[in-house]
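Listed here are the chains, written in short residue letters.
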Amino acid sequence: MHGRLSTVADLRRSGRISSHEIVAAIDLYMRDPAAGPYRFANGHSLDVAALVASSISPAEVANRAGPQEKTFRTAVAAIVMAAHPTPP
């Protein structure tokens, strides 16, 4: 938007990416971190695993289990919303 790359949040606000797609991208990562980039219907793509790897330490990820999974998922969601997906 206005000369800068759009974030996932920007694309959500503009209606170019739906909330359901964002949840699907996070769900895919949570089920299979090695699944590769998620492609949104509008053609943008996002490598959630790479974002998580660059934002959260491996030790922190390894210590996530049980009730902490919700906290980890919330952190992943925040990282995804602030990310700049690759344009189509």
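Look up: the structure comes first, before these words.
Residues numbered from 1 in each chain as written. Predicted model: local features only at pLDDT ≥ 70, side-chain atom pairs only at ≥ 80, totals over all residues. Heavy atoms only, no water.

(A) Region of the structure containing the environment of I56. One can find I56 in the loop between helix 3 (48-55) and helix 4 (58-62). Note on I56: relative accessible area 7%, which makes it buried. In this structure the C-alpha to C-alpha distance between I56 and A75, which are 19 residues apart in sequence, comes to 8.8 Å. (Helix = DSSP H or I, 4+ residues; strand = E, 2+ residues; numbered from the N terminus. Buried < 20%, exposed > 50% of the residue type's maximum accessible area, 1.4 Å probe, protein only.)

(B) Inspection of the pattern of salt bridges at higher detail. Scanning the model with the defined rule gives 2 salt bridges in all. Salt-bridge contacts for D10 lead to R13; the nearest nitrogen and oxygen are separated by 2.6 Å. In this pair, D10 and R13 both sit in helix 1 (residues 8-13), 3 residues apart, roughly one turn of the helix. We note a salt bridge from R73 to D27, for which the minimum N-O separation is 2.4 Å. A residue pair is termed long-range when its members are at least 10 positions apart, and R73 in helix 5 (residues 68-82) and D27 in helix 2 (residues 19-31) qualify at 46 residues. Owing to a relative accessible area of 28%, R73 belongs among the partly exposed residues under this scheme. (Salt bridge = Lys/Arg side-chain N within 4 Å of Asp/Glu carboxyl O.)

(C) Inspection of empty space enclosed by the protein at higher detail. All told, the structure shown has 1 cavity of 30 Å³ or more when counted by the stated rule. Space inside the largest cavity adds up to approximately 60 Å³. Forming the walls of the largest cavity are 13 residues, and the residues nearest its centre are L28, Y29, G36, V48 and A49. For the lining of the largest cavity, the elements supplying multiple residues, two or more each, are helix 2 and helix 3. Ranked by the residues each element gives to the lining of the largest cavity, the list is headed by helix 2, at 3 residues. Looking at the lining of the largest cavity residue by residue, the class counts come to 10 nonpolar, 1 polar and 2 charged. (1 Å grid on protein atoms, 1.4 Å probe; cavity = no way out; pocket = protein on both sides within 12 Å on 5 of 7 lines; lining within 4 Å. Points joined across faces, edges and corners; volume = space filled by probe spheres on them. Nonpolar A, V, L, I, M, F, W, Y, C, P; charged D, E, K, R; others polar.)

(D) Examining the nonpolar core more closely. Counting residues in hydrophobic clusters, the biggest one holds 18 residues, and the most contacted among them are I22, F40, L46, V48, V52, V76 and V80. Where this core is concerned, the elements lending two or more residues are helix 1, helix 2, helix 3 and helix 5. Residues contacting V80, with those up to four places away along its chain left out, are V8, I22, I26, L46 and V48. (Core = buried A, V, L, I, M, F, W, Y, C linked by side-chain atoms within 4.5 Å. Contact = heavy atoms within 4.5 Å.)

(E) Spotlight on the environment of D10. Of the residues examined, D10 reaches a relative accessible area of 4% and is grouped as buried. Within the structure, the side chain of D10 is placed 3.0 Å from the backbone nitrogen of T7, a separation counted as a polar contact. (Polar contact = N/O pair within 3.5 Å; in protein donor to acceptor, adjacent residues only side chain to side chain.)

All we've got here are geometric facts, nothing functional implied.
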